[in-house]
Amino acid sequence: MSRILRNFLFLPLLLVALTSWGSDFRVGIGRKTITPEFPIWLNGYAARQTASEGKSYDLWAKALVIEENPHSKVVIVTVDVLGLSREITSQVSDRVFKKYGITRSQLLFNSSHTHAAPVIWPALSGMFNFTPAEFQAVIRYNHQLTDDIVTVIDMAVAGLVPMEIECGHGTAGFGMNRRGTAVTVSDPDVPIIRFSTPAGKIQAILCGYACHNTTLGPDNTLVNGDYSGYAMIELEKVFPGSTAFFITGCGADQGPVPGGTIELAEQNGKTLADAVQKALAGNLHKVRPPIRTDFTTANLEFPPMDLDQYQKDILSDDFYVRNRAKLILEAFNKGWDITRFPYPVQAIRFNKDLTILGMGGEVVVDYSLNMKKQYPDENLFVAGYCSEVTCYIPSLRILKEGGYEANSSMIFYGLPGPFSDNVEDLVTAAIHKVMKGTGAKK
Ligand SMILES: [Zn+2]
């Protein structure tokens with residue numbers, strides 16, 4: 001080989017080495033629209049009367065792969081749906097492990113909790129009464145979504161390039177406690193993570209907020225990502241060429257104010273996007289390796305089942321009560337253990353700079369406020385709606401107070417709730433376990 005040819009081949013390698021100099025991570029981004037192409041029932045509202053009638057704008061599945069070295073990757077998947085199912089997360093996890101060796105603790109799923117996206121089966125199966133054709137549309141969409149999530153992860157892995165990561169915090173105030181009880185706590189935190197090229201160009205922004213993605217009510221039948229979808233559209237307009245990711249926080253007992261119309265969903269999205277831009281312009285600090293991850297499944301408990309009550313409920317005039325009783329009695333008759341509930345919790349910790357705590361289900365705000373107090377030296381980004389969303393996760397306070405998040409929501413989720421009084425203790429123990437597993441200190 002001539003010296004000229006050898007130098008010519010060496011040049012690209014040198015350029016790659018120079019451009020990656022100083023970057024601790026490589027980051028890849030994948031995205032795909034998941035807008036349904038056919039009419040389908042939208043999720044989350046028992047009062048909705050018809051299937052979808054078109055769209056306001058596209059829904060997205062997005063993936064962000066962060067690689068510390070070729071053997072240590074974490075994947076963050078965000079999806080514009082009410083909540084993923086255990087069936088989808090476990091299928092995606094298996095396929096991604098086989099392809100890339102990425103373990104469950106290295107894979108975080110988060111759902112935006114928009115109530116204007118298709119039904120994900122079987123969570124909230126107590127809420128619907130589909131015709132066979134409507135049910136087929138739901139199953140078809142769910143299968144496609146599973147494939148789409150794997151596709152966006154493939155895209156992100158294929159596109160890994162050197163990037164700088166920085167993080168910070170902003171605040172927003174449109175998420176208000178919706179329970180109407182004496183305690184009106186909220187979490188105004190808007191944690192942000194910025195991913196940019198070594199030259200400083202923003203490639204991705206990840207932000208979080210603890211509020212139900214329900215500006216739009218049951219009268220809306222257009223596919224729509226609600227406030228978080230509008231916020232991501234706005235951020236991607238302000239930072240051309242970037243991909244914006246939204247992670248839902250512990251907003252199970254928080255609702256957006258104002259609400260009720262598409263214009264207000266857009267307005268709330270603009271409020272969130274403005275908070276993110278303000279935080280990006282403020283004090284950010286560098287995120288460094290190593291990355292450590294941990295994942296655990298707690299066994300939450302239900303009180304002993306009142307079989308007589310469900311046998312009465314099966315004759316109830318209330319469709320939802322009757323439907324829940326049918327699901328529970330069927331499970332009982334099949335010999336399934338329905339007294340315990342597997343609950344996923346995970347932590348992804350970047351050195352001492354940032355820890356993402358990912359909790360499954362609809363988590364009330366008490367958990368994020370408590371954990372930030374208990375880990376004052378960890379820069380905590382607390383996320384609810386991670387992994388699968390199969391019920392509300394109340395604190396003991398809310399369990400004792402009762403109401404929708406403690407009790408009646410379990411009817412729609414088809415579960416034998418409310419949880420036992422030890423629910424907060426069991427969830428908190430799981431959080432401490434994963435935090436310890438990543439080296440975090442109280
Ligand atoms: Zn909800």
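Analysis parameters
- Residues numbered from 1 in each chain as written.
- Predicted model: local features only at pLDDT ≥ 70, side-chain atom pairs only at ≥ 80, totals over all residues.
- Heavy atoms only, no water.
- Helix = DSSP H or I, 4+ residues; strand = E, 2+ residues; numbered from the N terminus.
- Rg over C-alpha atoms; globule rule 2.2 N^0.38 Å.
- Buried < 20%, exposed > 50% of the residue type's maximum accessible area, 1.4 Å probe, protein only.
- Donors = N, O, S within 2.8 Å, 3.2 Å for Na, K, Ca; no water.
- Pairing = 2+ DSSP bridges.
- Phe/Tyr/Trp six-rings, centres within 6.5 Å; stacked < 30°, edge-to-face > 60°.
- Lys NZ or Arg CZ within 6 Å of the ring centre and 35° of its normal.
- Axes fitted to C-alpha atoms, helices over the stretch in contact; angles between N-to-C directions.
- Left-handed = near helix turned anticlockwise from the far one by under 90°.
- Contact = heavy atoms within 4.5 Å.
- Nonpolar A, V, L, I, M, F, W, Y, C, P; charged D, E, K, R; others polar.
- Domains from an automatic or database assignment.
- Buried area = accessible area lost by both parts, 1.4 Å probe.
- Salt bridge = Lys/Arg side-chain N within 4 Å of Asp/Glu carboxyl O.
- Expected span 1.5 Å × (residues − 1).
- Parallel < 35°, antiparallel > 145°, perpendicular 65-115°, else oblique.
- Polar contact = N/O pair within 3.5 Å; in protein donor to acceptor, adjacent residues only side chain to side chain.

A. Main features of the overall build of the protein chain. Of the regular secondary structure elements, the protein chain holds 11 helices and 17 strands. In summary, the protein chain has a C-alpha radius of gyration of 22 Å against a globular reference of 22 Å for 442 residues, a match within 12%. Along the longest, intermediate and shortest principal axes, the C-alpha atoms of the protein chain span 85 × 50 × 45 Å. Here the protein chain, with 442 residues, has 57% of them falling under the buried criterion.

B. Representation of the coordination of the zinc ion. At 2.0 to 2.1 Å from the zinc ion lie its protein donor atoms, namely H113 (NE2), H212 (NE2) and E362 (OE). The sequence pattern describing where the donors of the zinc ion fall on their chain is H-x98-H-x149-E. Taken together, the positions of H212 in the loop between β8 (202-209) and α4 (226-238) and E362 in strand β15 (residues 362-363) put the pair 150 residues apart, joining distant regions of the chain. For the pair shown, H212 and E362 are each scored as buried.

C. Spatial organisation of the pairing of strand β1 (residues 25-33). Pairing geometry for β1 and strand β5 (residues 161-171), over 3 bridges, is antiparallel. Across the sheet, F25 pairs through a bridge with M163, a residue of β5.

D. Spotlight on the pairing of strand β14 (residues 354-360). For β14, the buried fraction is high: 7 of the 7 residues fall into the buried class. Pairing of strand β13 (residues 340-350) with β14, which is carried by 6 bridges, proceeds in the antiparallel orientation. Each residue of the ladder has a partner; that of V345, found in β14, is M359. In sequence, β13 turns back onto β14 through a hairpin of 3 residues, with N351 there showing a positive phi of about 45 degrees. Pairing of β14 with strand β16 (residues 380-386) involves 5 bridges; the strand directions are parallel.

E. View of the packing of aromatic side chains. Applying the stated criterion across every chain yields a total of 19 aromatic pairs. A ring pair is formed by F130 and F135, whose centres lie 6.4 Å apart and whose planes are at 25 degrees; its orientation type is stacked. Arranged with centres 4.8 Å apart and planes meeting at 5 degrees, the rings of F302 and F419 form a pair that is stacked. Taken together, the residues F302 in the loop between β12 (291-301) and α6 (307-313) and F419 in the loop between α10 (404-413) and α11 (423-437) connect sequence positions 117 residues apart. Each of the two residues, F302 as well as F419, counts as buried. Aromatic rings pair up to connect F319, Y320, Y392, Y404, F412 and Y413 into one cluster. Across from the ring centre of W60, 4.1 Å away, lies the NZ or CZ of R31, which sits over that ring.

F. Geometry of the packing of helix α2 (residues 86-100) against helix α3 (residues 132-158). The geometry of α2 relative to α3 is characterised by a closest axis approach of 10 Å and an angle of 35 degrees between their N-to-C directions. Between α2 and α3 lies a crossing of right-handed hand. Listed contacts from α3 to I88, Q91, V92, R95, V96, K99 and Y100 of α2 are N142, L145, T146, D147, I149, V150, I153, D154 and V157. Among the residues making up the contact of α2 with α3, the classes are represented as 9 nonpolar, 3 polar and 4 charged.

G. Just the domain arrangement of the protein chain, in detail. Parsing the protein chain into structural domains produces domain 1 (22-297 + 343-407 + 420-437) and domain 2 (305-333). The C-alpha-based centres of domain 1 and domain 2 are spaced at 32 Å. Every contact between the two is made by 6 residues of domain 1 and, on the other side, 4 residues of domain 2. Surface buried jointly by domain 1 and domain 2 totals about 390 Å² across both partners, of which 53% is contributed by carbon and sulfur atoms. At the junction of domain 1 and domain 2, the tally comes to 0 salt bridges. The class makeup of the residues in the side of domain 1 that touches domain 2 is 3 nonpolar, 3 polar and no charged.

H. Quick peek at the pattern of salt bridges. In total, this model carries 26 salt bridges according to the counting rule given. For K286, the salt bridge identified is with E164, shortest N-O distance 3.0 Å. Remark: E164 occurs in strand β5 and K286 occurs in strand β11 (residues 285-286); sequence separation between them is 122 residues. The class of K286 is partly exposed, set by a relative accessible area of 38%.

I. Main features of α4. Here α4 spans 19 Å end to end across 13 residues, near enough to the 18 Å set by a 1.5 Å rise per residue. Burial within α4 is extensive, with 10 of its 13 residues counted as buried. If you check which residues of α4 are buried, you get D226, Y227, S228, G229, Y230, A231, M232, E234, L235 and E236. Looking at the packing, one finds that the buried side of α4 touches β1, β2 (60-69), β8, β9 (243-248) and α5 (262-280).

J. Structural view of the packing of helix α7 (residues 319-333) against α10. In the contact formed by α7 and α10, the axes pass within 8 Å of each other and the chain directions differ by 70 degrees. Taken together, the axis directions place α7 and α10 in an arrangement best described as roughly perpendicular. Facing Y320, V321 and R324 of α7, the residues of α10 in contact are M410, I411 and F412. In the contact of α7 with α10, the residues fall into 5 nonpolar, no polar and 1 charged.

K. A look at the side chain of Q106. Inspection of the secondary structure assignment puts Q106 in the loop between α2 and β4 (107-111). At 2.8 Å, the side chain of Q106 forms a polar contact with the backbone nitrogen of T103.

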